[in-house]
Every structure is written in structure tokens, then in C-alpha cells.
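# Architecture and fold: a report
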Amino acid sequence: MSESPEARQRLSTLIDDKRQAIRAYLARERPRRNRLSNVSIVGSALAAVLTAGPAVGGTKFTEALGRIFALGDDSIVWRVLCLLAVILSVAAALSTNFATSRSVADRVSAAETCNAQLEGLAVSLDIGHIDIDEAVKLYQQYSDQVPFVDTAAAR
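First things first, this report covers the structure right here in the doc. (Residues numbered from 1 in each chain as written. Predicted model: local features only at pLDDT ≥ 70, side-chain atom pairs only at ≥ 80, totals over all residues. Heavy atoms only, no water.)

## Structural notes on the packing of aromatic side chains
Heads up, the condition is: Between the rings of Phe, Tyr and Trp (Trp by its six-membered ring), a pair exists once the centres lie within 6.5 Å; its type follows the angle of the planes, with under 30 degrees stacked, over 60 edge-to-face, and the other angles tilted. Per the convention used, a helix needs a DSSP run of H or I reaching at least four residues, while a strand needs a run of E reaching at least two, with both numbered from the N terminus.
By the definition in use, this model includes one aromatic pair. Judged by centre distance (5.2 Å) and plane angle (50 degrees), the ring pair of Y25 and F148 falls under tilted. With Y25 in helix α1 (residues 5-68) and F148 in the loop between α4 (132-143) and α5 (151-154), this pair connects stretches of sequence that are 123 residues apart.

## Some words on the packing of α1 against α4
Formally: For helices, the axis comes from a line fit to the C-alpha atoms of the stretch in contact; other axes are also lines fit to C-alpha atoms, and the angle between any two N-to-C directions lies between 0 and 180 degrees. These descriptions rest on fixed angle ranges, namely under 35 degrees for roughly parallel, over 145 for roughly antiparallel, 65 to 115 for roughly perpendicular, and the rest for oblique. In this scheme the crossing of two helices becomes right-handed for a clockwise turn of the near helix relative to the far one and left-handed for an anticlockwise turn of less than a right angle. Residues count as neighbours in contact if any of their non-hydrogen atoms are within 4.5 Å of one another. Gly is placed with the polar residues, together with every amino acid not listed as nonpolar (Ala, Val, Leu, Ile, Met, Phe, Trp, Tyr, Cys and Pro) or charged (Asp, Glu, Lys and Arg).
Between α1 and α4, the shortest axis-to-axis distance is 11 Å and the interhelical angle comes to 15 degrees. In terms of orientation, α1 lies roughly parallel with respect to α4. The interaxial crossing formed by α1 with α4 has left-handed handedness. Here α1 contributes A7, R8, L11, L14, I15 and K18 to the contact with α4, which in turn contributes I132, A135, V136, Y139 and S143. For the contact of α1 with α4, a count of residues per class yields eight nonpolar, one polar and two charged.

## Side note on the pattern of salt bridges
Spelled out, the test is: Salt bridge, as applied in this entry: a Lys or Arg side-chain nitrogen positioned within 4 Å of an Asp or Glu carboxyl oxygen. Relative accessibility under 20% of the residue-type maximum defines a buried residue, over 50% an exposed one, and the middle range a partly exposed one, all with a 1.4 Å probe and only protein chains included.
Applying the stated criterion to the full structure yields two salt bridges. For E29, the salt bridge is made with R32, and the minimal N-O distance between the two is 3.1 Å. You can see E29 and its partner R32 sitting in helix α1, three residues apart, about one turn around the helix. A relative accessible area of 23% places R32 in the partly exposed class.

Below you can see the structure in the form of C-alpha cells.
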């Protein structure tokens, strides 16, 4: 490939476009990853808390809750606690499975790594520290790590 300034500029533009697409992807997916993780953690913890009260406190615990919420029968307390625990457990399981099945965390990590690599490549290219053929190879290598990031969609 030619070592012309135009070739360097074209490659620099490609790198910038790819980095822009990665930043857009990360802006979408980081909050999603965090939400799924938080739902999983909080849902699991709350389900455990809801079942720990009756397990530790027994009927005294459920009778006390029945009095606090003016429920006539402590079996209603048991049913409500169990139902809430099931709902939270299902939400936690679903969020964990969504995150795992779509490899959200792995993809976010790969995009973050690729973005950092491309940033280093852009700097090396801009200051003339790397020849254009090597820069093209590295650009292709780095871009191959994130096939799920669509550069055309970010424009």
C-alpha cells in the first residue's frame, strides 16, 4: 500500500469511524449490562431475604408481619412472601440468562479492548510511528474482535 498522506488519512478516518461505532455500542450496552447484573444480584438477594425471615423466625415472624399489615391469617403472609420470592428469583434467573446467552459482558469487554487498541493505533499512525501496511494489518486484526459492532450504523 502507498505511504502517501492520503492513504494515512483514509486509514485514520476508518479508525475514527470504527471507534465512533464502538463508543455508540458501548453507550448502549454498558447500561444494559449493568441493569441485567443489578437485577440478578438484587433479585437473588431479596428472594433470599424474603425466605430467611420465616425460616429463622418461624411462626412468630409471620404472625408479627400479619399484625403489622393487619392480615387475619399468617398463612397469607407465607403465601405473599413465597410469591414475592418466586417472582424475584425468576427475574434474577431471567436477567442472568439474558446476559449470559447474549454474552453482554464479554462483548462489552471486547469492545472496550478494541477501542483502546484502535486509539493506540491512531496515535501511532498520526505521529508516523508505524508504516501504513502494518497499521492496516493491525486495524483489521483489532476490528475482527468486534464483528458485532456495525460501523455503518454509527454514521
